[in-house]
Amino acid sequence: MKISLSKGIIIPLLILPLALGTPASIPKQEGEIVPVNDDSNTLKDTSSPGNVQDNHANGNGNANDNDNTKVQKHESEPESEPEPKSKPESKAKANEDESQKEDTKPKSKLPPSLNIENFDAITSEKLSFVEFYSPYCHHCKALAPIWEQAYLEFEEEAKSLNIQMRQVNCVENGDLCGREDISYFPYLRLYAPERDVKTGQIIPGKSKFVDTFPRSLVRTSENFKKYLRKSVAEYDDGTIDMPSSSKLLDTDEMLNILAGSKEEVYFVSFFPATDEQYLKVDSTKKNHFSKCNDCFEYKQIWDRLSNHLQIIAKTGHFNCQSNPTLCKELQLTELTTPGVRATPKFAVFLPKSTGRIRFDYKGEVSIDKMKQWIVRLFQNSQYEKITARTLGDVMSFRKSLPNEPLDSYYPLENKISVIFYFDETTVSDEDKAILPYLLDYVTYSPFNMYLYTATHSQIEKGVLSQAENLINYVNYDPNEPRQRFHVENYLSTTLTAKPTILIFKDNTLITNVYQNFAPEDMRDYKKISKFISDSQYPLYQELTPELIPYYFNTDILDKRNEKVVVTFIDSTDASKLNIALYNMSLAAHEYHHLKKQYYFNKLSFSREEKEARVEKLKHQNADSIEVIKELRREIPHLFNYNQVLFTFIDLSKKDQFEHAYKWKIDPDDYKVGDTIVITKDNRYYWDQAIDGSQLTNNPSVIKPLLLSLLDNSLVTTQNHAITKLVGSPYGSKLRFMDKIHDRGVIGYIGLFGFIYLMYIVIIRLSKKKRLFKSKSSGSASGYGIIGNVQKKEKD
Ligand SMILES: *[C@@H]1O[C@H](CO)[C@@H](O)[C@H](O)[C@H]1NC(C)=O
């Protein structure tokens, strides 16, 4: 086995004891509130790090249900029953000349609502983006001005592109909405004129529902316009009109796919339906699925997706109610029973040469998201071999960073490259067995992660250059003490044998190295999975509601030491954005460096002891691997402690946080440029700098705060960071109440118990006083218990 990532490695090995030592006790943070009871805040459905993937967008249509007012039917009524009907009609009539009607219709320049008489005729003329709404639904009202703005801004372009935006008021047109199977409001759908399959001619009076505005896309005027342009492009190149490329699969064919004996990649949809139902939907373009709210919509998406994927994958659909036995074996039992509510499922099957065949899709059901996912999976399953040069082609790999803002393109791509780095001459098949596992971890990461293999030794030189250049980068402030490069410190986190795993990230000088000290390290899939899930975070990443469970996590205890820095930015101001990202980059690199230095120094204190042990081993003539093994046992995982992740929230999209799961910080309390630090368990936060001022996205303000949270003795000032409780109902005046609130019910019981006790004591004391008084006055005047008793006795 060859040891790598340093030049003459065996000698540095002997310096290694410097880097190693018994885990020094972690300093307790000053000003920290100690939790008594942690269970009040458990994030139940956070996925485990190894199996990272969307925990809520599991394809049952609830992906963003905070955005949609579901029509009652979803909850209780049988599905086949048509919609809102004209239920609230009388109410609608009553309200006719009032509020909603008035401000959306007569004043607006929007065309009138479509109805059952004209719907088919109008939507068969051209591509139509239709909003089905109810004037009473909260989200519809919120959407109304946005819809109107998009309509007005796009009016001219829409004419030239031959597309239209129309609305259907479902309260007035319950019959139409029932027929169109509208299951929630507002429901944004794309309809296209139907064409004759043979002649390609438009069939007058016939249109078909082809797509749904992606649920994950924020409904802004800009996004509507983008969606309309994209739809036209697809319509014009005929993609929308193409009949689905998805093939009906039978049990035999499915068995072949499952066995991985196909050469091609297969993307398969599993429907809770029979082949007959599926065919009927195909031929009539109407919903004939039963007990499945999402089937009809998902089928439209699936049909179009199948045409997008033709180059990389074959697509097929498999109806579980026609093939129940196989579906049960595939653990899709819920799809096999008619009359049971179920949602279609999707999975990719790779050829068995890849080492792993089945990959379930767990994200949002939309053309873009699914396409992105399978394209990435397909690419990763090639285990593409790259060199130091091509690494720069596939990502924004940096050996050094300039001390000035980069030209960033927003939204950031934030590519993460996971590289299986090995030596051709020594690698074994057993070593390579890790690849399918890596593929699995990478596939289910919520980040933009790619998998490669490499043997080129320039790659490890790149890691060394990064570490050297990091020092120049963090020496940005001439007034601060200069940092220096220490090779021992460098080796303490990069020393490894080949094969190993390297994780490079866009625009950073920090590369994560899996430290392989012994053959079993590359077989320890649990440890490797943890390494990847810990290292998957980009250096600075936009925080979106979907990512909240990956940044904040109460599953694992002792997340107190880990923190997330959140800076507020405005993506519409491009010039400031680049500076803001630069500031974040500096703060993140600097903290990383200082923390590592801090632990390294701590460990160095016990180095004599360690050196003695290594000496002993050497005398016993143990070979170098044994020496590392011995040391490895001593390597504390300290360098992973006190991890701080850097994120930002785009205030121009703050609305998406309004109902975000488990999110309690109100973005309205902060302005562009403000920063807050939150513990990873999402219980405590700091929004004030050490000097008490508002914390801002300025590395020289963030640094002292983070250092003081790491170890208060690292900062010279007398001040302490002020810890606040996330979601506390108390303001700054009653901050002490946070400590009570933090303990939940027990805290309040304690508080009230205490108040009650005090009350008793005061009463007692005052009575005693009075008693003394009355006694000293010499008369039992009827005050106090004894007095009464005496009185009573007299009576
Ligand atoms: C970036 O940090 C500098 C100090 O280094 C500060 O003056 C500036 O306001 C910060 N800029 C942004 C956009 O946050």
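Going by the structure above, here's the rest.
Since we're looking at a predicted model, the values are computed, not measured.

Draft legend 1. Focus on the side chain of N307. Relative to the assigned elements, N307 resides in helix α10 (residues 295-308). Setting aside residues no more than four positions away along its own chain, N307 makes contact with T239, M242, P243, S244 and S245.

Draft legend 2. Representation of the state of the cysteines within the structure. Applying the stated rule across the entire model yields four disulfides. One disulfide bridge connects C170 with C177, the sulfur atoms lying 2.0 Å from each other. Between C170 and C177 the sulfur-sulfur dihedral comes to about -85 degrees; the bridge is accordingly left-handed. Each disulfide pairs two cysteine sulfurs, and for C320 the partner residue is C327, the sulfurs being separated by 2.0 Å. Across the S-S bond linking C320 and C327, the dihedral sits near -75 degrees, which makes this disulfide left-handed. Just as C320 is buried, C327 falls in that class too. Here the protein chain pairs its bonded cysteines, counted in sequence order, in the arrangement 1-2, 3-4, 5-6, 7-8.

Draft legend 3. The arrangement of the environment of L228 in detail. Structurally, L228 can be placed in helix α7 (residues 221-236). L228 sits 64 residues away from Q164 along the chain, and the two C-alpha atoms are 8.8 Å apart. Excluding its chain neighbours within four sequence positions, the residues that come into contact with L228 are F129, F154, I163 and M165.

Draft legend 4. Focus on the packing of aromatic side chains. For the structure on display, the rule yields 36 aromatic pairs. Taking the centre distance of 5.7 Å and the plane angle of 65 degrees together, the rings of F129 and F224 count as edge-to-face. Of this pair, F129 sits in strand β3 (residues 127-133) while F224 sits in helix α7; the two residues are 95 residues apart in sequence, bridging distant segments of the chain. In this structure, F129 and F224 share a single accessibility class: buried. Members of the aromatic cluster, each reached through a chain of ring pairs, are F267, Y298, W302, F346, Y361 and W373. It is R189 that lies over the ring of Y187; its NZ or CZ is 4.4 Å from the centre.

Conventions we followed
- Residues numbered from 1 in each chain as written.
- Predicted model: local features only at pLDDT ≥ 70, side-chain atom pairs only at ≥ 80, totals over all residues.
- Heavy atoms only, no water.
- Helix = DSSP H or I, 4+ residues; strand = E, 2+ residues; numbered from the N terminus.
- Contact = heavy atoms within 4.5 Å.
- Disulfide = S-S within 2.5 Å.
- Buried < 20%, exposed > 50% of the residue type's maximum accessible area, 1.4 Å probe, protein only.
- Phe/Tyr/Trp six-rings, centres within 6.5 Å; stacked < 30°, edge-to-face > 60°.
- Lys NZ or Arg CZ within 6 Å of the ring centre and 35° of its normal.

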